[in-house]
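What follows is the residue order along each chain.
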Amino acid sequence: TFGSNPNEYNAQVGFVKTVGEDYTYPFRNIISHFEADDATFINLEGPLTESNNSVDKMFVFKGPKEYINILTQGSVEFANVVNNHIKDYGQQGYEDTLANLDAVGVHYVEELKTVVFTTESGLKIGFYALYACNFNPTPAEIKTAVDKMKAEGAELIIASIHWGEEGWYSVTSRQKRNGHDL
């Protein structure tokens with residue numbers, strides 16, 4: 001989560017004040033690994049937007065649009081934008097985030113979509129992302145997505161599933177079913 005909840009946005013010990021304009025800070029201690037790998041894939045847990053129109057829920061997060069530099073300076077090539085906070089600032093915040101990713105060439109996968117990404121070494125990776133609290137794919141839907149990525153040349157397929165119940169520390173029956181289906 002690059003950013004903060006609005007009432008803590010400018011807190012002295014919060015993320016925004018800590019990072020400031022030092023966009024290398026979040027990945028400073030692991031950047032050598034990210035730079036040495038073929039591709040770094042992250043979950044972007046919240047929008048990067050200037051919108052102030054948050055949705056009505058207990059926790060909402062956002063980072064300023066300049067935080068896109070955290071990804072580029074952190075050697076991140078790919079982001080999953082399928083989670084429970086990416087639309088905390090509505091459709092506008094979501095669209096701003098995608099535009100910010102597009103502007104710097106960071107690839108991403110959206111919900112119920114697939115993407116085949118070619119790494120620097122030529123490896124083709126298929127990405128499939130779900131927010132499984134909202135959508136529970138059938139085995140047939142999963143197979144269709146996998147077949148689509150294979151047809152597009154994917155040599156490796158990564159399923160990024162954002163799931164679980166807030167405050168719940170056990171695997172749910174739905175998670176078990178989704179896991180077995182995957």
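Residues numbered from 1 in each chain as written. Predicted model: local features only at pLDDT ≥ 70, side-chain atom pairs only at ≥ 80, totals over all residues. Heavy atoms only, no water.

Peer 1: Would you take a moment to explain the pattern of salt bridges for this structure?
Peer 2: In a structure, side chains of opposite charge can pair up when their charged atoms sit close to one another. On inspection of all chains with the given rule, the structure shows six salt bridges. When the shortest N-O distance is used, the salt bridge between R177 and D181 registers 3.3 Å. With R177 and D181 both in helix α6 (residues 173-181) and four residues apart, the pair spans about one turn of that helix. Owing to a relative accessible area of 24%, D181 belongs among the partly exposed residues under this scheme. (Salt bridge = Lys/Arg side-chain N within 4 Å of Asp/Glu carboxyl O. Helix = DSSP H or I, 4+ residues; strand = E, 2+ residues; numbered from the N terminus. Buried < 20%, exposed > 50% of the residue type's maximum accessible area, 1.4 Å probe, protein only.)

Peer 1: How should I be thinking about the side chain of T97 in this particular structure?
Peer 2: Looking at the secondary structure, you find T97 in helix α4 (residues 90-104). When its relative accessible area of 1% is taken as the criterion, T97 is described as buried. Contacts of T97, omitting those with residues within four sequence positions, involve L44, P47, L48 and I86. (Contact = heavy atoms within 4.5 Å.)

Peer 1: Explain the sheet that holds strand β5 (residues 124-131) here, please?
Peer 2: Backbone hydrogen bonds hold the strands of a sheet together, and the pairing may be parallel or antiparallel. The mixed open sheet is built from three strands, whose spatial order is β4-β5-β6. Strands at the two margins of the open sheet, each flanked by one partner only, are β4 (114-118) and β6 (156-162). Taking each pair of neighbouring strands and ignoring which way they run, the sheet shows an average axis angle of 25°. Examined bridge by bridge, β5 and β6 share seven bridges and lie parallel to one another. Bridging from a neighbouring strand, Y131 pairs with H162 of β6. Packing of helix α5 (residues 139-151) onto the sheet brings it into contact with β4, β5 and β6, and relative to β5 it is tilted by some 155°. (Pairing = 2+ DSSP bridges. Axes fitted to C-alpha atoms, helices over the stretch in contact; angles between N-to-C directions.)

Peer 1: How should the pairing of β5 be read in this particular structure?
Peer 2: Look at any regular strand and the pattern is simple: side chains alternate between the two faces of the sheet. The buried fraction of β5 is high, at seven of eight residues. In the sheet, β4 pairs with β5 via five bridges, with the strands oriented antiparallel. Along β5, the bridge assignment pairs T118 with K124. With antiparallel pairing between neighbouring strands as the criterion, β4 and β5 make up a hairpin whose turn holds five residues, including G122 at a positive phi of roughly 100°.

Peer 1: Mind showing me how you'd approach the environment of P47 here?
Peer 2: Residue placement: P47 occurs in the loop between β1 (41-43) and α3 (68-73). P47 sits 18 residues away from K65 along the chain, and the two C-alpha atoms are 8.4 Å apart. In this view, P47 contacts F61, K62, G63, H85, I86, D88, Y89, G93 and T97; residues no more than four positions away in its chain are not counted.

Peer 1: What is the right way to look at the nonpolar core in this model?
Peer 2: Side chains of nonpolar character tend, in soluble globular proteins, to be buried together. One finds F2, L44, Y67, I70, L71, V81 and L101 to be the most contacted residues of the largest nonpolar core, which totals 24 residues. Where this core is concerned, the elements lending two or more residues are α1 (15-19), α2 (31-36), α3 and α4. For L44, the residues in contact, after removing those within four places along its chain, are F2, A79, N80, V81, N83, I86, T97 and L101. (Core = buried A, V, L, I, M, F, W, Y, C linked by side-chain atoms within 4.5 Å.)

Peer 1: Explain the environment of L123 here, please?
Peer 2: Relative to the helices and strands, L123 is located in the loop between β4 and β5. Along the sequence, L123 and E155 sit 32 residues apart, while their C-alpha atoms lie 6.9 Å from each other. Ignoring sequence-local partners within four residues, the contact set of L123 consists of D38, F117, T118, E155 and L156.

Peer 1: Help me understand the packing of aromatic side chains, please; the structure alone is not making it clear to me.
Peer 2: How two aromatic rings sit relative to each other is set out by the distance from centre to centre and by the angle between their planes. Taken as a whole and judged by the stated rule, the model has nine aromatic pairs. For the pair F2 and F27, a centre-to-centre distance of 6.0 Å together with 80° between the ring planes defines the contact as edge-to-face. Of this pair, F2 sits in the segment before α1 while F27 is found in the loop between α1 and α2, placing the two residues 25 residues apart along the sequence. Note on accessibility: F2 and F27 belong to one class, buried. Between F78 and F127, the aromatic rings sit 3.9 Å apart at their centres with planes inclined by 20°, giving stacked as the arrangement. Of this pair, F78 sits in strand β2 (residues 78-80) while F127 sits in strand β5, and the two are 49 residues apart along the sequence. Across the pair, F127 and F78 agree in class, each one buried. Cluster of aromatic residues (ring-pair linked, three or more members): F2, F15, Y23, F27, F34 and Y67. Positioned above the aromatic ring of Y89 is the side chain of K62, whose terminal nitrogen or guanidinium carbon lies 5.1 Å from the ring centre. If you follow K87 out to its NZ or CZ, it ends over the ring of Y94, 4.7 Å from the centre. (Phe/Tyr/Trp six-rings, centres within 6.5 Å; stacked < 30°, edge-to-face > 60°. Lys NZ or Arg CZ within 6 Å of the ring centre and 35° of its normal.)

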